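Chains, contacts and geometry: an overview
So the chains spell out like this:
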Amino acid sequence: MQRRGYQVIGPTIKDSAITYGPIEGIEDLPIGWTAEQEPGSYRLRRRSDAALFAFANGPKSLKNFLHPAEIKLFGAEKSSGAFHILPNGDPTPRYAFLGVRACELAAMGIQDRVLMEDRYRDPVYAARRRNCMVIAVQCTEPAATCFCTSMGTGPRAKYFFDLALTELVDAGAHEFVVEVGTDLGAELLSEVQSAEASEEILRRSREATGQAEQGITRRLETDGLPELLQNSFDHPQWDDVASRCLACGNCTMVCPTCFCVTVEDTSDVTGDHADRWRKWDSCFTLGFSYIHGGSLRTSTKSRYRQWLTHKLSYWHDQFGSSGCVGCGRCMAWCPVGIDLTKEVPAFAQERGAQ
Amino acid sequence: MTALSHPDLLDPMRPVLVKVADVSRETQDTYTIATEAADGESLPRFEPGQFSMLYSYGVGEAPISISGDAGDAGRLVYTIRSVGAVSKALTSRQPGDFITMRGPFGTSWPVQAAKGSDVLLVAGGIGLAPLRPTIYHILRHRTDYGRLVILYGARSPKELLFRKELRVWAKFPDTQVLTTVDYGAPSWRGNVGVVTKLFRLAKLQPERSLAMMCGPEIMMRLSVRELQARKIADEQIYLSMERNMKCAVGFCGHCQMGPYFVCKDGPVFPYSKMRRWMGGLREL
Amino acid sequence: MIGFEEFIVATKEQDLLKGFEPQHLERLAALAREIRFTRDQIIFREGEQHGVFYLIVEGSVVLEIVAAGRSVLLQTLHAGDAMGWSSLIDTNGSGAHFEARALSPVRALAFDGAKLRETCESDTAFGYLMMKSLLGLLTERLDATRMQVVDMYAPAGAVRG
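Residues numbered from 1 in each chain as written. Chains lettered and ligands numbered in written order. Predicted model: local features only at pLDDT ≥ 70, side-chain atom pairs only at ≥ 80, totals over all residues. Heavy atoms only, no water.

Our next topic: the interface of chain B and chain A. Listed per partner, the contact involves 44 residues of chain B and 55 residues of chain A. When the area that chain B buries against chain A is broken down by residue, the three leading residues are B:Y57, B:F251 and B:E283, summing to 21%. Linking chain B to chain A there are two salt bridges. Here B:K264 and A:D118 are joined by a salt bridge, their closest N and O atoms 2.7 Å apart. For the pair chain B and chain A, the number of links is 25 residue pairs in polar contact (both at pLDDT 80 or more). Secondary structure elements with two or more residues in the side of chain B that touches chain A: β4 (60-65), β6 (98-105) and β14 (260-261) of chain B. By residue number, the principal contributor to the side of chain B that touches chain A is β6(B), which donates five residues. Of the residues in the side of chain B that touches chain A, the class split is 23 nonpolar, 10 polar and 11 charged. (Contact = heavy atoms within 4.5 Å. Buried area = accessible area lost by both parts, 1.4 Å probe. Salt bridge = Lys/Arg side-chain N within 4 Å of Asp/Glu carboxyl O. Polar contact = N/O pair within 3.5 Å; in protein donor to acceptor, adjacent residues only side chain to side chain. Helix = DSSP H or I, 4+ residues; strand = E, 2+ residues; numbered from the N terminus. Nonpolar A, V, L, I, M, F, W, Y, C, P; charged D, E, K, R; others polar.)

Our next topic: helix α4 (residues 113-122) of chain C. Residue and element names in this part refer to chain C. Restricting attention to buried positions, one finds in α4 the residues G113, L116, T119 and C120. Summarising the axial view, the buried residues of α4 lie within an arc of 125°, below the 170-degree limit, and thus occupy one face. Set apart from the buried face of α4 by more than 90 degrees, the exposed residues are E118, E121 and S122. Elements that come into contact with the buried residues of α4 comprise α2 (22-31), β3 (52-58), α3 (86-89), β8 (106-112) and α5 (124-150). For α4, the N-terminal cap is D112; the gap from its side-chain oxygen to the backbone nitrogen of A114 is 2.9 Å. (Buried < 20%, exposed > 50% of the residue type's maximum accessible area, 1.4 Å probe, protein only. Arc of directions from axis to C-beta.)

All names here are of chain A. Here six strands make up an open sheet; going across it, the order is β2-β1-β7-β8-β9-β10 and the pairing mixed. If you trace the sheet from one side to the other, it starts and ends with β2 (17-22) and β10 (174-180), each paired once. Ignoring which end each strand starts from, the neighbouring axes of this sheet average 25° apart. Pairing of strand β1 (residues 7-14) with strand β7 (residues 95-100), which is carried by three bridges, proceeds in the parallel orientation. The partner of Q7 across the bridge, within β7, is Y95. (Pairing = 2+ DSSP bridges. Axes fitted to C-alpha atoms, helices over the stretch in contact; angles between N-to-C directions.)

Once that is clear, we can look at the pairing of strand β4 (residues 61-67) of chain C. All names here are of chain C. As defined by bridge partners, β4 adjoins strand β5 (residues 70-77) across seven bridges and the pair is classed as antiparallel. Paired with A67 across the bridge in β5 is R70. Between the antiparallel neighbours β4 and β5 lie two residues, among them A68 with a positive phi of about 50°.

Here you go:
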């Protein structure tokens, strides 16, 4: 992949988490590591084998690369009273994503819809998306926070990949079952040693996925969920969540579908040069809804409600699907462990006296 | 729905340089700036109700309604109230200065659908600015429309926009212009009171009326109630909404109001769409 | 005095009288007389016990109050509006709550407040209808006034006044 000019981005251990970063060789992968996740908790744990991909996910997703946290949109320069917008010169990175999960691919599909297939097209996302390649990995070790099965996004990846690997590790062998998704994938595969998969191997691969499905314990009831949330604007459960939520915005940062950004215009001290930057933003910030000298959503309650209702309800009206892929990151990385699979059923309960 | 008519379709975040041709002061804090093409490019056309993102060098961008004549291809005119850093910078521009523009964006007033109907325009404060292109259009094609009623409310007489034009418009056939203020100076001889009190003075046939409103949300909410009491259908009532905007193209997420992006599903909405989200839901 | 037919014509736009039956309108017509004011004429002053209830038929009137030596315009009334309700419900004799001045030539129907009150008390059905309508009018007036208090056009952070 590197020979083809791609920068390989894959899972790697950094700051006590399995995150995504540049991979130079197999040794950079989290060999023999897994991550245990619970609401508000993420812990690395050593495995007894040397599996490369036996974990679910980490705080980063493809979003960090396709929809970067900070990017300069353009620079402008002043000269003799006028100013000019400079042409965008930076080349678009070519990423080869290794180890991508089904939920992340679903999230990428959702971001494709938002950023490329609606009224306008985001050229930053579109260029990086066009340039990237994906080697997916079929999940075999879901985390306790996963609920992709409820969202119809996993555990098996079915599309958007060039190659998909299922890792089979046992006492005797360490093998990868490879599915080819595209011509590029086939080309890549032809450059490494491989053999046609036997029936036995395919059976074991299916079994591994089956086990992953069994291993997913969290559920989210999605039937009627969009209407339920839109009809729950005044539900006391929002006050309950608000008493715990810190409005820290972690959830929006780790969520692979959250796309909100802000635009910052800066200039240097001399004023000769000004830049426009695009940076991630979060609906949890007070300033997000600022208008005419005040914010419309001043309470944490209103901001949590906006986030959840957008993600699980308005998203359907806007983009034709749920905004949630069931990856569970929002709960693992929430400092107080808010678990939306536990919050949502509360709205379906009969309200107490209001 | 209007397609983006900006020449650079490839990058909706990339602005175009425009030259400030004229600046005039409307009130204490509100100015109208007229922009012309710079760099030999021509300006895009716009539909009444649309807005542009205007950038003042080094300060930032803000969404500003286009308040000029859609029939004038050479200029894009904006009426801006100085309320923050960006609007202050924009209103401080002088003729010959450069700013940038992205757009026009957003949905437009139903000027075509209103043909043959009586048209009621209700404006509050700076809300008259995004309605002015509609007034120009209707007056230029006067016989295509029935009665025209313009109800305009502002805080005080000094804050009424386009006063000279209001007098001119009132002279058109079958055209009624009524203004009111919340606080009248002792010498004020016009109406005093909230703009909804003017409704009963409007000569309209509700069954063939279409209303377009722009102003503070509370004014629009009250006006809707008056219109409904006068049997004007929700589908015949249009509002222009306003929310925080950073991109104007549906990517930054800031302008969401319920399921709608005000920048691309609006800013003009039929009330039938907005009804659910305008019922005074606190902190929607 | 004013004939019944004339009364009906003059009052067809009056919000206050919606829901009044012919017999109630007859009672009112018997108490009504037409009155005219010229431009800028003061109709009644603040505190004045003018004892007259008005229904505006033509023209516009401004209600104002004098505060700190200058007058503050409160509201303008037009054809179809009622004013002078202090003449009906004022029990402690404090008179009009504010000043009313004709902004244009005004044509109105005037009712003797005391006689109207007597009629309300003797014909309680009529009285109840009158009070109910008056309550509706005052509610609307209150709402409108509250909306002025909201100061909806003010820029953020502005101090009113």
